Each structure stands twice: as structure tokens, then as C-alpha cells.
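Residues per chain, in single letters:
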Amino acid sequence: MTYDDIPHLSAKIKPKQQKVELEMAIDTLNPNYCRSKGEQIALNVDGACADETSTYSSKLMDKQTFCSSQTTSNTSRYAAALYRQGELHLTPLHGILQLRPSFSYLDKADAKHREREAANEAGDSSQDEAEDDVKQITVRFSRPESEQARQRRVQSYEFLQKKHAEEPWVHLHYYGLRDSRSEHERQYLLCPGSSGVENTELVKSPSEYLMMLMPPSQEEEKDKPVAPSNVLSMAQLRTLPLADQIKILMKNVKVMPFANLMSLLGPSIDSVAVLRGIQKVAMLVQGNWVVKSDILYPKDSSSPHSGVPADVLCRGRDFVMWKFTQSRWVVRKEVATVTKLCAEDVKDFLEHMAVVRINKGWEFILPYDGEFIKKHPDVVQRQHMLWTGIQAKLEKVYNLVKETMPKKPDAQSGPAGLVSGDQRIQVAKTKAQQNHALLERELQRRKEQLRAPAVPPGVRIKEEPVSEEGEEDDEQEAEEEEPMDTSPSGLHSKLANGLPPGRAAGTDSFNGHPPPGCASTPVARELRAFVEATFQRQFVLTLSELKRLFNLHLASLPPGHTLFSGISDRMLQDTVLAAGCKQILVPFPPQTAASPDEQKVFALWESGDMSDQHRQVLLEIFSKNYRVRRNMIQSRLTQECGEDLSKQEVDKVLKDCCVSYGGMWYLKGTVQS
């Protein structure tokens, strides 16, 4: 039933207050209407005896009242639009009202209840007392009201409410949406003149029309926000001296290659002058420039976390920078042990120049810049001498043992020997794929030999299916020769969508089928875009929920869209895997009522933010447990990430991927209430 089909009993308005009341009937014959509740409400409001003053004369709650309220006081920025025959007709609005249900009948029910209680108490007291006692009455005369008291009374809330209540209602007649009178009034929303002669004065540009439709408010013109002191536009930056430009950029970026710095400063800047300026505010680490510690922590400053003075913070940060000149990896606990600083300060140092890797530590944020090292050997030599002096100072301050110090910093000399864990994993994957292809060809050759034995002429052999035992033996031999999987323990090996590690690591296929993202068809591109946008908003989805969201997406598309050509469940799942998601094999309980689609759980593996590692650890936990307690999740995150996570970080990861029910945490979509 639409809004226009509901029979309206009455409508009334108070013009001065711009207040509207709309009273509409309730369909008491509808099967969804609870008759006992309606009778109870009518009895509470009107009592047992119905008369002319009764709210519900039928002894049923058969009507509902809606009262209006103002949504905004400034309506000059709003207009009603009507699009017809390629033309947009705008009508300015002078008032916007919102209708809400009125529950004044509950107040009447309370008043009736109080009256009945008072009557019962009065009846009981009259039976006990034979005769009322004579009481003395004091008569007082009101004093004349002063002007000041009268003004206070006029401005009081009670007076204003009373004045509003005294304004009479003006009863209106309601016309339905399809009524001829409504259609006639709707014609006033169309501009009568459409010829070019009548609109010759409308010669403004589109931007001027937009300014007329949405003029800036006076408050915005008077109080324009001032940019923060630490924010500087590139146009303002280039008006400063070169040394100040370099200092501001390095202070905000913290770590930057020399090529990126030159691109930000502009092509007209001399690189020699930039090299002189950068050495005053930054140090060379693995061919990249890292801002000096005394730039970030001036002399009179202190730590916001622990209150440690600036010179102590500078020494601790210099130790972290020096460690990165020796290796691409740094362990946070080692830094905290040597520097004796709190975990928050050490984490700030590392976040300036590194990213955390699960079960490995902190890796330098930028790759080794060998091109700069080869192009500027004099600068590298000068920086090496500076680091030698800093190393001697750190040995003295932190009492470092000489034997534990690297004899020669090899980070500045070249990238030889610096092979990251990801590179080793990639090499192992490549070798495994090559060996797998060789084993596949050898297995195929053996099958052909078994299926084509030497047969004497004239003899026919009945073809039977070849037993799978021989194939299983050959496959077992092939698996024995396959190299060991060198992927990181834990995450990738257990959450590879149920595939063998060598096959899951491949980038050419997903579950044995080509990824639909490789196809250049418009359908594949549209489906890939929908999947990526959906998982960026919701990190964890079951196949059932993903199909529901996809159907809603289809409903919002215009007729004839490419996605209406038909998308199978298999194609949708392959697109999810191709978009960087992984299937989490959640161990559902045996008595679960979840459907097969609800048991297929997919999660976005990498979104590009700092919480990726935390989410991956969380997904590993749920690959072994159907439900988990919070303390177990927090302890596992602390153990795997190698750092003390704050409550806010744990809450963010849980909010992204999980829901809480009955004191336990479940992956989204897997809880069965």
C-alpha cells in the first residue's frame, strides 16, 4: 500500500508557527494489525465508557497522528527540482517540514490513570471520615506586576507554549497524488516560459549559476578557516629560499630519494646546490636521505610520550639510523634494550624510516638507491666519514661491545649481499614452478608409454580406464622431487585458499583456472571493479553476503548494462581471488546451520595500510578457530608483530574483520545466533 492509498481523516495547520498535523487511518483489518494491542491502547486512553470526547470512538486504535517539525531554519539554499523533457525546473523553498509520529495519546492515558487513582483514594478517605474538619483559609491579594517581571513572564517557556496552544487550527482538505487538483497544483512547479525571447537575461556562465543556486553563507565568508601552521602549499613553498624548502620537505617526508627531492623542487634548481643543502638537514642511509634527528627534535623539546629530553631522543634515533646503514632489518626490542627508551618513542623512530614485517622485524622503507651511490661517490665518502664519527659516539654512550659491532658498514658500498626475504621467496617460487613443469612433462610421457604398449597386428584390445594407482605413484614421486616451499611460516602456507603451496604461490592461475582479471572483456573489468570496491569497504565477506551485495549493485545499474549478461558463482569467486583476496578456511562446528555459501569466507589480504600485518595474523587465528576470546587475539598479535599494540589498534582490527557475540569473537558473517 502506498502513501497515497492510505485514507486520510483530516489535516490541519497553524500558519504562524508553520506547524502541520496530519491524522491518518490505520487499517485494522490488516493481518499484521494486533487487535488486542489496539483495544488495550484505546481502553487506556478513553476508559471503559466512550463518549464524544473519546480519542478512539471505535474502541480500537484506528488512527495515528503525525506532527511536523522544522528540519532547518535556513532554506534559501534549497530548491525543489522537476526534470521534464530535457529541462530542469527549479522552485525555491521557503520552508521544510518533517512529519513524525505524535504520541500524545500516551499522555492522555497517563492522565486517565492518575485521575482513577485519585478517585479511588478520595473514595477510601471519605468512608473513613464521618465529617470533614473545618479548616482555616488564608486569602492573599496579588501585587501589581512590574514591567521587569512582565518581560520575564512573556519570555518564559510556559508563556510561549500557552501562546502557541491558543493559536487556532485551520483545517485542510487532503487531495491524493492522482487527484486532478494535485495535478493542477503540480503544474506550478514548471516554468511557463520556454522561449529564448523570455530568457534573454539568463546569460550567466555555469559557475555563476552555481553560485546563485548555492551562495556561500555569510558565516563562511566571515570565518574562513586558516590553514594549520604545519601545512604549506607547493606555491608558497617555492617562494622560500632553497635551504628552507629542503628543510621543510625533509621534515615532513622524513625519508626521500634524491631524485624525488629534485622533482619536487622543480627542474630549474641546480642539483649541486641541492646536494649542499640536503647534507645540512639529512643523512645518507642506503642511498636515500633521512632527515637528521635534531631537525625533528629541537634543543628545548621533549618526548610527548615519556618526557625524555631532546638530546636523548636524538641519540636513540641516530642509533636506529646507524643500524639501517648496516642492514635492511632492525629488531625493535634490540633498539629498546640498547637505548633504554620507552616502546612508544622507539616505535616513532622506526615508523619514520621503516615498515614492520611479521616475524621479521622492521625493514627500511625505501629500496637501495644504487644509482645515487654510483653517481656521487664523493658525497658517499663524506657521509661514510660522518657515520664513522657517529658510530664512535654511540659506542661510548651505549657501551657497545666492539666484537658485536659490524667491522665495516657495507650498506653504502653497494647492494651486494642485501637479499630480502621476499626476494628469496620469489626465487624459490620460480624454481618450484620450473621443476613442476618438468615433472608434468615427465608424468605425461610415462602415461603415454603405459597407454600405448606394443600390440601384435590383428589383435584388438578392449580399452579400460587406466587405474589411478599408477598415476598416484608417479605424482608421489614428482612431489618428492619438488623443492621445499620457502614461503614464510604461518600465514601464506595456511591460507592459500586450500591449494598446495607451490600452486597457490603462482601468479598465472587461481584454483587451476585463469583469473578473470586477465580477460579484457568489459564484463570482467566491471566485475573486478565491483569486487575491489566492495572489499575495500568490508574486509571480510562470505560468498552469500557478497552475492547479496552484487544483486543490490545490479539493481542500481541501468537496463542493458554489461553485468546483466550473467555472472556465475564460479566467475565471482575467481574474480575475488584475482583481486588480491584469499579464502579463509574457517573450521565451522559439525552441527552448524550455515549454508555452503555462508561457509565460504573471503578476506582482503593487503589493503595498503599499516594494519595489513595485524589483519593477516587475525585471519590466521580464525583459520584454526571458529570463535576466539579477545585476550587470545591480543596476545597472538603481540607475539607475531613483535610490538606492544595499543587498545585502539586491536579495536580497529577487530572492527574491520570480526563481530562479538556472547563474549566471543567471530569472523564477520560466520556467527550463528
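The model shown is predicted, which means the values in this text are computed figures rather than measured ones. (Residues numbered from 1 in each chain as written. Predicted model: local features only at pLDDT ≥ 70, side-chain atom pairs only at ≥ 80, totals over all residues. Heavy atoms only, no water.)

**Quick notes on the sheet that holds strand E16 (residues 601-604)**
Paired through backbone hydrogen bonds, the strands of a sheet run either parallel or antiparallel to each other.
Inference 1: Read from one edge of the open sheet, three strands run E14-E16-E15, paired in antiparallel fashion. The two strands at the open ends of the sheet, each matched to only one other strand, are strand E14 (540-542) and strand E15 (581-584). Sheet twist, expressed as the mean angle between neighbouring strand axes with direction ignored, is 30°.
Inference 2: Taken together, the four bridges between E15 and E16 define a ladder with antiparallel strand orientation. Residue Ile-584 lies in a different strand from E16, and its bridge partner there is Val-601.
Inference 3: In the packing of helix H24 (residues 569-578) onto the sheet, contacts are made with E15 and E16, and the angle to E15 comes to roughly 115°. (Pairing = 2+ DSSP bridges. Helix = DSSP H or I, 4+ residues; strand = E, 2+ residues; numbered from the N terminus. Axes fitted to C-alpha atoms, helices over the stretch in contact; angles between N-to-C directions. Contact = heavy atoms within 4.5 Å.)

**Observations concerning unusual backbone geometry**
Inference 1: One non-glycine residue with positive phi stands out, namely Lys-254, at about 75°.
Inference 2: Assignment of secondary structure puts Lys-254 in the loop between helix H9 (242-253) and strand E8 (255-256).
Inference 3: Unlike most non-glycine residues, Gln-286 shows phi in positive territory, near 55°.

**Considerations on the packing of helix H27 (residues 630-641) against helix H28 (residues 647-657)**
Inference 1: Two elements in contact, H27 and H28, have axes whose closest approach is 11 Å; the angle formed by their N-to-C orientations is 110°. The pairing of H27 with H28 is recorded here as roughly perpendicular in orientation. Once H27 is placed against H28, the crossing between them reads as right-handed. For the pair formed by H27 and H28, the contact residues are Arg-630, Ile-633, Gln-634 and Leu-637 on the first element and Lys-647, Val-650, Asp-651 and Leu-654 on the second. (Parallel < 35°, antiparallel > 145°, perpendicular 65-115°, else oblique. Left-handed = near helix turned anticlockwise from the far one by under 90°.)

**With respect to the pattern of salt bridges**
Inference 1: A full pass over the atoms with the stated rule returns 20 salt bridges.
Inference 2: Glu-649 is the partner of Lys-347 in a salt bridge, and the nearest nitrogen-oxygen pair spans 2.8 Å. Placement of Lys-347 in helix H15 (residues 343-353) and of Glu-649 in helix H28 is noted, with a sequence separation of 302 residues between them.
Inference 3: For Lys-347, a relative accessible area of 16% gives the class buried. (Salt bridge = Lys/Arg side-chain N within 4 Å of Asp/Glu carboxyl O. Buried < 20%, exposed > 50% of the residue type's maximum accessible area, 1.4 Å probe, protein only.)

**Looking at helix H23 (residues 543-556)**
Inference 1: Counted at 1.5 Å a residue, the expected span for H23 with its 14 residues is 20 Å, and the 20 Å between its end C-alpha atoms agrees.
Inference 2: Of the positions making up H23, those classed as buried are Leu-543, Leu-546, Leu-549, Phe-550 and Leu-554. The buried residues of H23 all sit within an arc of 145° when viewed along its axis, so they share a single face. Structural note: H23 exposes Ala-555 and Ser-556 on the side pointing more than 90 degrees away from its buried face.
Inference 3: Among the structural elements, helix H22 (522-537), E14, H24, helix H25 (596-599) and E16 are those in contact with the buried residues of H23. (Expected span 1.5 Å × (residues − 1). Arc of directions from axis to C-beta.)

Note that all results are geometric; they support no functional claim without further evidence.
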